[in-house]
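Descriptive analysis of the structure
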Amino acid sequence: MRDDNCIFCKIANGEIPSATVYEDPDFRVILDLGPASKGHALILPKSHFKDLCDADPEAMAKILPLAGRLGKAMKESLNASGFNVVQNNGASAGQTVFHLHVHVIPRYDGGPEMVAWKPGKEEAEELAKTAEKVAAQL
Ligand code: 5GP
Ligand code: ZN
């Protein structure tokens, strides 16, 4: 459950030092080297999963509660007023490190816009067709 060529495997398992916020048997939470905002954290599973499609559901069930705890701690310790939870899968989605990780990004009043998209438009018929396609593969 680890990849010798993976930097996040090495960081998660303590072989490369990092600014660690939290550690338990399943995860290490570190601060991102290129933070989007002060306190931007990454939840790294200690096991190597390439992305969410490859991940162990039992480990994943623990991630959102941990993200929530981190967000709450960021609000209390850093005076953040909100936070984003972001998880990229695949290069087209912006994933650059292919060891699953979850970003927890504290947000501050008056801070820059990020994690936003321009809403598109779609007819109900097209939405229904797309929903049917995806549902057939679940
Ligand atoms: P992704 O784009 O794959 O979702 O996010 C990868 C994140 O990992 C980026 O935000 C990047 O700044 C961060 N990162 C990449 N290499 C390192 C590293 O060696 N240490 C830390 N702390 N963060 C890293
Ligand atoms: Zn890895």
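To keep things clear, this report deals only with the structure shown in the data block. Predicted model, so just to flag it, every value in this text is computed and none were measured. (Residues numbered from 1 in each chain as written. Chains lettered and ligands numbered in written order. Predicted model: local features only at pLDDT ≥ 70, side-chain atom pairs only at ≥ 80, totals over all residues. Heavy atoms only, no water.)

The helix and strand inventory of the protein chain stands at four helices and five strands. Going from the N terminus to the C terminus, the protein chain shows its helices and strands as α-β-β-β-α-α-β-β-α. Along the first, second and third principal axes, the C-alpha set of the protein chain runs to 50 × 40 × 25 Å. Taken over 138 residues, the protein chain has a buried fraction of 35%. The long-range fraction of contacts in the protein chain, counting pairs at least 24 apart against all pairs at least 6 apart in sequence, stands at 51%. (Helix = DSSP H or I, 4+ residues; strand = E, 2+ residues; numbered from the N terminus. Buried < 20%, exposed > 50% of the residue type's maximum accessible area, 1.4 Å probe, protein only. Contact = heavy atoms within 4.5 Å.)

In this section: the site of ligand 1. Near ligand 1 you find 16 residues, and of these Asp32, Gly94, Thr96, His101 and His103 are the closest. One of the backbone N or O atoms of leucine 31 is found 2.9 Å from a nitrogen atom in ligand 1. Side-chain polar atom of aspartate 32 to an oxygen atom of ligand 1: 2.5 Å apart, as the coordinates give it. A molecule is said to occupy a pocket when more than half its atoms come within 2 Å of that pocket's grid points, and by this definition ligand 1 occupies the largest pocket. For the shell around ligand 1, the secondary structure elements donating two or more residues are α1 (7-12) and β2 (27-31). Sorting elements by how many residues they give to the shell around ligand 1 places α1 first, with three residues. The class makeup of the residues in the shell around ligand 1 is eight nonpolar, seven polar and one charged. (Near = heavy atom within 4 Å. Polar contact = N/O pair within 3.5 Å; in protein donor to acceptor, adjacent residues only side chain to side chain. 1 Å grid on protein atoms, 1.4 Å probe; cavity = no way out; pocket = protein on both sides within 12 Å on 5 of 7 lines; lining within 4 Å. Sits in = over half its atoms within 2 Å of the grid points. Nonpolar A, V, L, I, M, F, W, Y, C, P; charged D, E, K, R; others polar.)

A separate point is helix α4 (residues 124-137). Taking 1.5 Å as the rise per residue, α4 with 14 residues should run 20 Å; its terminal C-alpha atoms sit 21 Å apart, in good agreement. Little of α4 sits inside the fold, with zero of its 14 residues counted as buried. (Expected span 1.5 Å × (residues − 1).)

Below, the discussion takes up the state of the cysteines. By the definition in use, this model includes zero disulfides. Summary of cysteine pairing: cysteine 53 is not part of a disulfide, and the nearest cysteine sulfur, belonging to cysteine 6, is at 17 Å. (Disulfide = S-S within 2.5 Å.)

Only Cys6 (SG), Cys9 (SG), His48 (ND1) and His99 (ND1) from the protein coordinate the zinc ion (ligand 2), and they sit 2.1 to 2.3 Å from it. Counting along the primary sequence, the residues that act as donors to the zinc ion (ligand 2) give the motif C-x2-C-x38-H-x50-H. With cysteine 6 in the segment before α1 and histidine 99 in the loop between β4 (82-86) and β5 (102-107), this pair connects stretches of sequence that are 93 residues apart. Note on cysteine 6: relative accessible area 7%, which makes it buried. (Donors = N, O, S within 2.8 Å, 3.2 Å for Na, K, Ca; no water.)

The next point concerns the nonpolar core. Counting residues in each nonpolar core, the largest one holds 16 residues, and the members touching the most others are Ile43, Met60, Ile63 and Val104. Breaking this core down by element, the ones donating at least two residues are β2, β3 (41-45), α2 (57-60), α3 (63-78) and β5. Core analysis: the second largest hydrophobic core is formed by eight residues, Cys6, Cys9, Ile11 and Leu42 among them. (Core = buried A, V, L, I, M, F, W, Y, C linked by side-chain atoms within 4.5 Å.)

Taking burial as the measure, the six residues of β5 include six buried ones, the bulk of the element. Along β5, one buried face is formed by Val102, Val104 and Pro106 and the opposite face, lined by His103, Ile105 and Arg107, is buried too. With five bridges joining them, β4 and β5 adopt antiparallel strand pairing. Following the sheet pairing, phenylalanine 83 is matched in β5 by proline 106. (Pairing = 2+ DSSP bridges.)

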